[in-house]
Amino acid sequence: MDNSSRSQLYVCNPITKISKKLEVSSELEQLDYSALSMSVDLQSNSYTIAVLKSKQVPDDFLQWNLSIQVYDSDTESWVTSVTEVLRGWRGGDESVICNGIFYFLIYSTGVMATSEYRHRLVMYDLASRSSRFSLMQNLISVPCPLTCGRLMNLKNRLVMVGGIGKQDRPDIIKGIGIWVLDKTEWQEVARMPHKFFQGFGEFDDVFSSSGTDDLIYIQSYGSPILLIFDMSQKQWKWSQKCPVSKRFPLQLFTGFCFEPRLEVAP
């Protein structure tokens, strides 16, 4: 999705280089935040796209309109599954689909928060499509104060990589942790050893992370240096030197993971 105007959305297989442009609702073009996730049925090769839309209510900085739009490749159509107004919380750009559940993070606006934790996880069953459902009924607390959180589906497990904030200054990062969601409880998998955390040099409170299979990749936006964590071996290691070098001070780096397949077409 075009992040600046959100007016264009493409589905692409990076291996075959076949792409398809999807018709986008005009509502997506007038948002403050959006989060997009995709899930593929490997038996039928059909796919589902879920988009969380978040827009501030005019003249009311406490309230935010949230809605979820779902695209089904079989019907080639969009459906608005749920619409709700949140008070003191807003949507962001972090989400993932895992076992038919659309997970996304919401963020405290800093005014109405009843907890020191600035993040919450929301889970929405994509099969429900109930207009009487409230998103706030399925809130899950984060395991500790976070500077940011990154969600990923690893072998049908919801995994979160988070920047651990200081207890007295949650906006300042002091480390990075990895957790797996077990029903509604977080199970800690690992914390990044301090020597690897220092290896990034200057590390911002927000960073990039993605994963596939048993591997998680973590990087600073300001550097091509890539750290790998193996979930099965519980091992940390640096990747081989990135072929892309930093050319100017403000250059940013990011990436994503995907499972290469030839038979899946948009």
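Bear in mind that the values here come from a model prediction, so they are computed numbers and not experimental data.

**Examining the overall build of the chain**
- Scanning the chain from N- to C-terminus turns up one helix and 18 strands.
- Radius of gyration (C-alpha) of the chain: 19 Å, near the 18 Å computed for a compact globule of 266 residues.
- With the principal axes as the frame, the chain shows a C-alpha extent of 50 × 50 × 40 Å.
- When the 266 residues of the chain are sorted by exposure, 44% land in the buried category.

**Topic: the environment of Arg 191**
- Examined against the element boundaries, Arg 191 turns out to sit in strand β14 (residues 185–191).
- Measuring from C-alpha to C-alpha, the distance between Arg 191 and Ile 18 comes to 39 Å, with 173 residues separating the pair along the chain.
- Residues in contact with Arg 191, not counting those within four places in the same chain, are Ile 164, Ile 176, Gly 177 and Trp 236.
- Here Glu 188 takes part through its side chain, which lies 3.2 Å from a polar atom of the side chain of Arg 191.

**A word on the state of the cysteines**
- A full pass over the atoms with the stated rule returns zero disulfides.
- Of all cysteine sulfurs, the one in Cys 257 lies closest to Cys 12, which takes part in no disulfide; the gap is 16 Å.
- A disulfide-free cysteine, Cys 148 has its sulfur positioned 11 Å from the sulfur of Cys 144, the nearest such atom.

**Some remarks on the packing of aromatic side chains**
- One pass over the full model with this rule turns up eight aromatic pairs.
- Ring geometry for Phe 200 versus Trp 238: centroids 5.1 Å apart, planes at 65°, classification edge-to-face. Of this pair, Phe 200 sits in the loop between α1 (194–199) and β15 (208–212) while Trp 238 is found in strand β18 (residues 235–238), placing the two residues 38 residues apart along the sequence.
- Of the residues examined, Phe 200 reaches a relative accessible area of 7% and is grouped as buried.
- By relative accessible area, which is 34% here, Trp 238 ends up partly exposed.
- Aromatic side chains Phe 229 and Trp 236 sit 4.5 Å apart centroid to centroid with 45° between the ring planes, which places their arrangement in the tilted category.
- For Phe 229, a relative accessible area of 1% translates into the label buried.

About the thresholds
Residues numbered from 1 in each chain as written. Predicted model: local features only at pLDDT ≥ 70, side-chain atom pairs only at ≥ 80, totals over all residues. Heavy atoms only, no water. Helix = DSSP H or I, 4+ residues; strand = E, 2+ residues; numbered from the N terminus. Rg over C-alpha atoms; globule rule 2.2 N^0.38 Å. Buried < 20%, exposed > 50% of the residue type's maximum accessible area, 1.4 Å probe, protein only. Contact = heavy atoms within 4.5 Å. Polar contact = N/O pair within 3.5 Å; in protein donor to acceptor, adjacent residues only side chain to side chain. Disulfide = S-S within 2.5 Å. Phe/Tyr/Trp six-rings, centres within 6.5 Å; stacked < 30°, edge-to-face > 60°.

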